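# Topology and contacts: notes
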Amino acid sequence: MSSGIQNKHNNAGTKKYLCFSLGGESYAVPLLAVREVIAVPEITPVPHTPSHFLGIMNLRGQVISIIDLRTKFGLKAELTSRSAVIVCDLSPISLGIVVNSINAVLSISDQDIQPKPDIASNKNTAYITGVSKQGERLVLLLDLAKALDVEDLVAAREAQQAPQAKTA
Amino acid sequence: MKFLPVLLNLQEIVTAAETFFVFPHRRPGHGRRRKTPAAQAIGLLLRCTARLVEIVKGLKGDLEARFPSSALIDELKARIADPATAGIPAIAPAPSAAPAPTLATPAPAAPAPALVPAPVAAALAESEHTRLSQSEPQKKVGATSQDESIRVSLSRLERLLNNVGELVIHQTVLNEQRAQVAIPLVQGTISQLAKITKEIQELSMGLRMVPLKQTFQRMQRVVRDTSAALGKEVEIKFSGEETELDKTVLENLGDPLVHMIRNAIDHGLETPDERAAAGKPRCGLVQLRAYHMGGKIVIEVSDDGHGLNGEKIRAKAIQKGLISADRQMSETESQNLIFLPGFSTKTEVSEVSGRGVGMDVVKNNVETLMHGEVQLDSKVGRGTCVRLLLPLTLAIVDGMVVRIGDERYIIPLSQVFESVQPSASDVYTMSGTSEVLDLRGVTLPMHRLGRLLGRQGVEKPPSELTVVIANTAERPFGILVDRILGQQQVVIKQLGREIHYSRGITGAAILGDGKAALILDLIELVQHKSALGGAGQTRGVA
């Protein structure tokens, strides 16, 4: 249990993570999946989409969808001056995620990552790949593709298009 | 029917083989092989291929002289089947490796398709277009095209265009603020920047444009094949091959064009005897023209055949049950019946056409895939001209920006017939909620855009709103919006696959202030709503 935290010199298993807060909780995603972090832009809502789907934005000429993970996780969603959008590259799509604040970039060694506590009641745990203790805080490592149901979304879209193609 | 590229490729193989085997002294360390039996066998094979090269030259000449080439193709087939030339495939790997022993063994009589080994076929497919477009030796073409152009992936181009779009937006902001800057140098720089930005924008939009030449050249083959199959003499004339078209439009153009040309030859042109009897030259003329007209590209296929007989077409349509017998029609209306699905003027079905799949597909393709239109112009005894009016590009659309609440949406201008400000007396309600508009004596159903998009909010009476009348062929309808903000050209951006939006949204665009807005398809939106009934309003809000 107490192993690992001191093994800072072992670089082989160390990855960088972007740490941010959602509601009152600390989350982290692999830095390699992050394209950039921007201030909350003007968001154009898209009709007939779930409530966590905030809409689309213009990122230097590219149209990118914005998702509020807090609504999806059942946390309180509010926009403050510290709110930011993390633009992630999730093959095959790029998505923006609204977060309460960006905290830090952390180097976390694989040994410092512990399996997530088994709490069956919490519906969010499926998206969490592990936890890491950073000082006083417990950082939850997030699997973005799972959290956003990327496969579900893409599949849903394709499934929806298939019958349309037939009727057209 | 890829004889020409195959044969042109043979020329290359011959040259490579020649340097490799016949002149081994040119390669260091291989001089002693000069007199081996293998080399002699290769020499023989080379003479065979040399003969094919002569045929290639003949074929090229033929193409220029435009004499019927089907006989020649038969001749080629016969020659390929000839055992004397069957050994050719064996040399194909020669340029890359040095398989002298395998070459010496007698190759089994190869069937005609085996003439092109797989790697060569792949190379052929790649370079086919260059070869077809130029009837000069391949080496020369390769050299010049490398100097003149490079291939860039479309995604890179799109990224460039995205950024240029953004540059223009920021430039506009800067330009508006120019008056507030007191420093002349800054003012001058801004105006200079504006000029350069404009030029960059124009240049980058032009990057997607490709000349029509290759597509036109391909049609030459269609003409040749079709005329040979039908036993008609046809001459094809091109003009405007240098006209440039957006690559995406061009990609969709090939199939309709093939249809149109086949139609022109099969249905349009008479047989040589009929032509002679009508006092026309035996050889029919098909013209393929491209030109700019009013911001659009016009592609025209015309023939000097017997033209469309409106009466005959009408009779046929009645016979097929496509229209009712008592319907009165003008000559033009009757002629336009050929665009009906399932229509064919031919009594018997031929290999080329007459299967009832034709002009309706062309019309459909042009209208849906290319957002263009098809026009028909025909005079009995003089000929028929089918005109495609295509937009310059699919990447840009003329849009009408409308507002509902504080949201803005873009409606393609092609879908807008007109917009009116209804007076309260012109609006009626039907069964409580549906609203209809009395527009100059015609009643039109009206839909509130806010409701179609599942937006809640206080609804104003129609007299305070604007009605956009949709441009549909069948059932016209009106869309109620808060206000029309203006018209502008927008660059269409595809939405990400993550948005499982309902039908009726075709994409997004960046407006002049840098904010994204959705592009709507009114017809789809209304169809979708009526298909779902009232459910469309609550869907997806959960």
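Throughout this description, residue numbers start from 1 for each chain and increase along the sequence as written. A letter from A marks each chain and a number from 1 marks each ligand, given out in the order of writing. Where totals are concerned, whole chains, interfaces and linings use all residues; where local detail is concerned, this predicted model gives features only for residues with pLDDT of at least 70, and gives and counts side-chain atom pairs only at 80 or more. Each side-chain value is derived from all of the structure's non-hydrogen atoms; neither hydrogens nor water enter the calculation.

## Comments concerning the overall build of chain A
Which entries qualify depends on this criterion: A run of H or I in DSSP counts as a helix once it spans at least four residues, and a run of E counts as a strand once it spans at least two, with each numbered from the N terminus. Burial classification: accessible surface area is computed with a 1.4 Å probe over protein chains only, and a residue below 20% of its type maximum counts as buried, one above 50% as exposed, and the rest as partly exposed. Whether two residues are in contact is decided by their heavy atoms, any of which lying within 4.5 Å being enough. Surface accessibility follows the Shrake-Rupley procedure with a 1.4 Å probe radius. Residue values consider only the protein chains on display as shielding.
Counting its regular elements, chain A contains three helices and 11 strands. Scored against the burial criterion, the 168 residues of chain A give a buried share of 47%. Pairs at least 24 apart in sequence give 55% of the contacts found in chain A among residues at least 6 apart. When the accessible area of chain A is evaluated, it comes to approximately 8,600 Å², of which 53% is carbon and sulfur surface.

## Some details on the overall build of chain B
Looking only at helices and strands, chain B features 17 helices and 18 strands. For chain B, the residues scored as buried account for 43% of the 542 residues in total. Within chain B, counting contacts between residues at least 6 apart in sequence, those at least 24 apart form 64% of the total. In the structure as shown, chain B presents an accessible area of about 28,800 Å², 55% of it carried by carbon and sulfur atoms.

## Here's the deal with the packing of helix H9 (residues 213-230) of chain B against helix H10 (residues 247-268) of chain B
Residue and element names in this part refer to chain B. We apply this condition: Helix axes use the C-alpha atoms of the stretch in contact, all axes being lines fitted to C-alpha atoms, and the angles between their N-to-C directions lie in the range 0 to 180 degrees. An angle below 35 degrees is read as roughly parallel, one above 145 as roughly antiparallel, one from 65 to 115 as roughly perpendicular, and any other as oblique. Throughout, a crossing is termed right-handed when the near helix is turned clockwise from the far one, and left-handed when it is turned anticlockwise from it by less than a right angle. Gly is put with the polar residues, along with every residue not named as nonpolar or charged; the nonpolar set is Ala, Val, Leu, Ile, Met, Phe, Trp, Tyr, Cys and Pro, and the charged set is Asp, Glu, Lys and Arg.
Where H9 contacts H10, the two axes come as close as 10 Å, and the packing angle between them is 30°. Relative to H10, the element H9 lies roughly parallel. Between H9 and H10 lies a crossing of right-handed hand. Two secondary-structure elements touch here, H9 through Thr215, Phe216, Arg218, Met219, Val222, Val223, Thr226, Ser227 and Leu230 and H10 through Leu250, Gly254, Leu257, Val258, Ile261, Arg262, Ile265 and Asp266. When the residues that make up the contact of H9 with H10 are grouped by side-chain class, the tally is 10 nonpolar, four polar and three charged.

## Brief notes about the sheet that holds strand S17 (residues 505-510) of chain B
All names here are of chain B. Applied cut-off: A strand pair is defined by DSSP finding two or more bridges across the two strands.
One open sheet accounts for five strands, arranged S16-S8-S9-S18-S17; its pairing is mixed. A strand with exactly one partner marks an edge of an open sheet, and here the two such strands are strand S16 (483-491) and S17. The mean angle between the axes of side-by-side strands here comes to 35°, regardless of whether they run parallel or antiparallel. When strand S8 (residues 396-404) meets strand S9 (residues 407-412), the two strands line up antiparallel, connected through six bridges. Residue pairing in the sheet places Val402 in a bridge with Tyr409 of S9.

## A word on the nonpolar core
The condition that has to hold: Side-chain atoms within 4.5 Å link the members of a nonpolar core, which is a set of buried Ala, Val, Leu, Ile, Met, Phe, Trp, Tyr and Cys residues.
Leu69, Leu142 and Leu144 of chain A together with Leu449 of chain B are the most contacted members of the largest nonpolar core, which totals 54 residues. Setting aside residues up to four positions removed in sequence, Leu144 of chain A forms contacts with Val29, Leu69, Cys88, Leu90 and Ile97 of chain A.

## Topic: the pattern of salt bridges
What counts is decided by this rule: A side-chain nitrogen of Lys or Arg and a carboxyl oxygen of Asp or Glu constitute a salt bridge if their distance falls within 4 Å.
The final tally for this structure, using the stated rule, is 19 salt bridges over all chains. Asp68 of chain A is the partner of Arg70 of chain A in a salt bridge, and the nearest nitrogen-oxygen pair spans 3.0 Å. Among the ionic pairs, Asp246 of chain B bridges to Arg208 of chain B, the shortest N-O distance being 2.9 Å. Placement of Asp246 of chain B in strand S3 (residues 244-246) and of Arg208 of chain B in the loop between helix H8 (184-206) and strand S1 (209-211) is noted, with a sequence separation of 38 residues between them. In terms of burial, Asp246 of chain B and Arg208 of chain B fall into one category: buried. Each of the salt bridges in this network shares a partner with another, and the network as a whole consists of Glu42 of chain A together with Arg408, Asp513 and Lys515 of chain B.

## Focus on the confidence of the model for chain B
Residue and element names in this part refer to chain B. For clarity, the threshold we go by: Scored between 0 and 100, pLDDT is the confidence that the predictor attaches to each residue.
Averaged over all residues, the pLDDT of chain B equals 74, while 71% of them reach at least 70. Counting contacts from residues 22-34, a segment whose pLDDT is below 50, to residues more than four positions away or on other chains yields 13 contacts. Within the model, the stretch residues 533-542 combines pLDDT values under 50 with 14 contacts to residues more than four positions away or in other chains. Per the prediction output, this complex has pTM 0.58; the corresponding ipTM is 0.73.

## Comments concerning unusual backbone geometry
The residue Arg60 of chain A is not glycine, and still its phi comes out positive at about 45°. Its place among the elements puts Arg60 of chain A in the loop between strand S4 (53-59) and strand S5 (62-68).

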